[in-house]
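# Coordinate analysis (summary)
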Amino acid sequence: MTIDGSRITIFDTTLRDGEQSPGCSMNVQEKARLARQLDRLGVDVIEAGFPIASDGDFAAVEAVAAAVPRPIIAALARAARNDIERAAQALHAAVRPRIHVFLATSDIHLQHKLRITRRQCLEQARASVRLARSFAADVEFSPEDATRTDPEFLAEVVTAVIEAGATTINIPDTVGYTVPLEFASLIRRLRERVRGIDNVIISAHCHNDLGLAVANSLAAVAAGARQVECTINGIGERAGNASLEEIVMALRVRADQYPYITEISTEQLYPTSQMLEEITGIPVQPNKAIIGRNAFAHEAGIHQDGMLKNPLTYEIMTPQSVGVPDSKLVLGKHSGRHALSLRCEQLGYHFERRELDEIYRKFVVLADQIKHVLDHHLLELIRETYGESHRMPPSRVESERASAVAAGAEEGRKLFPTGVSSEFSAVSLPVNSGSEHHSEQEDYLWGV
Ligand SMILES: [Zn+2]
């Protein structure tokens, strides 16, 4: 296998590790729907589930494999025959199947959880990878709790599974214990010690118990890892996994420090985050990097002044680059049909006038109940009314977004004749407060 040293493989485990977090379970239809969005986002690998764990997980892996042919579809398996066979069965329809086998390697797990010796662990790892290779050409192996494993023994296990045919070696910080310098030196050490490691992809899988999942993942990349395992909104066991959007944007914004590329369409980051929030009902914290509600809000006067003179004074990336629509305009009960339509287009949905009427009627009822109608509320409402049938193709979304952004700026100029752009309109200011919108107000009041 030839490995492109500048390419970072984005392995999304929102549907597996992410789904394991409390309150984040998804049914088969929801998983297939999110998988289609992950495909639009451009992830390289979708880990769709753990087929032996339940019939639901098995069905989800099958459904995702059928729904999205482009990415590699991974299924998780313990290092056991039944698990691996079940994973292989669930992947039967996948164009590019990957079996992901894991086995703990730390003494604490070997002694207290698995009750096996290091020797037995080594043999089991080797045999299970061989078995997985008999079903799939693409096999990933994870030594669970790698960061608390004796590094010498870890190197031995990794050597053995590469000999047995593993094509990706994932180094999981299962308990979120490592720190960036230590994790980087662990990866370097493996690259120095393990025969054949240059022929496989090294992967990082970090948990956020100390808030270091993204920092540790980036340290691993700098040390030679070429796959990162992560989740949308950073959901996952306990404090979560490394957040996909943060890793991708750190690589992109700081390309001077990380001269690597991903295939992610960053404009799809926010729509993907919103879809996950809508499906799980778990809100994203407002100050979450990249996709949080406040990530691009500038309220302090001095910041606004600087932003007016040049956005680069306080903004290291544009909201548009991560697909955040004009987040400074909040939809409320006073918003007009035009603002609603604009926001729908920004979110990737186009409606003809009559169709919009129906959305608008429901929107007004909702806006009466809650103060601010957020994007995920709106997405839910659209889906309840029309499903996915009005989703625009991605290329169209791009051009609609560009014109929507321009229109937003136009709107801003109307609201602030002194030249303040929409970027700086007060957050709670209804979009439709300008007198120019009077006729539009009348236009939509008929339905209320
Ligand atoms: Zn994990």
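This is a predicted model, so every value here is computed, not measured. Counting from 1, residues in each chain are numbered in the order their sequence is written. Predicted model: local features are reported for residues with pLDDT of at least 70 only, side-chain atom pairs are reported and counted for 80 or more only, and whole-chain, interface and lining totals are derived from all residues.

Bringing the sheet that holds strand β3 (residues 72–78) into the picture now. Spatially, β1-β2-β3-β4-β5-β6-β7-β8 is the arrangement adopted by the eight strands of the closed barrel, whose pairing is parallel. For this sheet, the mean angle separating the axes of adjacent strands, direction not counted, is 25°. Strands qualify as paired when DSSP identifies two bridges or more between them. Numbering goes from the N terminus for both helices and strands, where a helix is a DSSP run of H or I of at least four residues and a strand is a run of E of at least two. Alignment of β3 against strand β4 (residues 97–104), held across six bridges, turns out to be parallel. Bridge pairing in β4 places A75 opposite I99. Note that contacts rest on C-beta atoms placed from the backbone: two residues are in contact if these are within 7 Å. To obtain each axis, a line is fitted to C-alpha atoms, and for helices this fit is confined to the stretch in contact; angles are then taken between N-to-C directions over 0 to 180 degrees. Strands in contact with helix α8 (residues 213–222) are β6 (168–173), β7 (201–206) and β8 (227–230); relative to β7, the strand with the most contacts, it is inclined by about 165°.

Before going further, it helps to examine the nonpolar core. By definition, a nonpolar core groups buried Ala, Val, Leu, Ile, Met, Phe, Trp, Tyr and Cys residues that connect through C-beta atoms lying within 7 Å of each other. Buried means a residue has 20 or more other C-beta atoms within 10 Å of its own C-beta, exposed means 12 or fewer, and partly exposed covers the counts in between; C-beta atoms are placed from the backbone. By size, the foremost hydrophobic cluster in this structure holds 114 residues, and its most contacted members are I46, A48, V64 and V101. An automatic or database domain assignment supplies the residue ranges for each domain. The two domains that each donate at least three residues to this core are domain 1 (9–268) and domain 2 (301–445). Other than its neighbours up to four places away in sequence, I46 contacts D12, L15, A35, L38, V64, V68, P71, I73 and A74.

To continue, consider the pairing of β8. Along any regular strand, the residues point their side chains to alternate faces of the sheet. On β8, burial covers both faces: Q227 and E229 on one face and V228 and C230 on the other are all buried. Summarising the sheet, strand β1 (residues 9–12) and β8 pair through four bridges and their orientation is parallel. Each bridged residue has a counterpart across the sheet, and for T9 the counterpart in β8 is Q227. As judged from the three bridges shared by β7 and β8, these two strands associate in the parallel manner. Along β8, the bridge assignment pairs S203 with Q227. We call a crossover right-handed when, viewed with the strands running away from us, the connection from the first strand over the helix to the second turns clockwise. Tracing the backbone out of β7, into α8 and back to the parallel element β8 gives a crossover that is right-handed.

What is shown is where atoms sit, not what they do.
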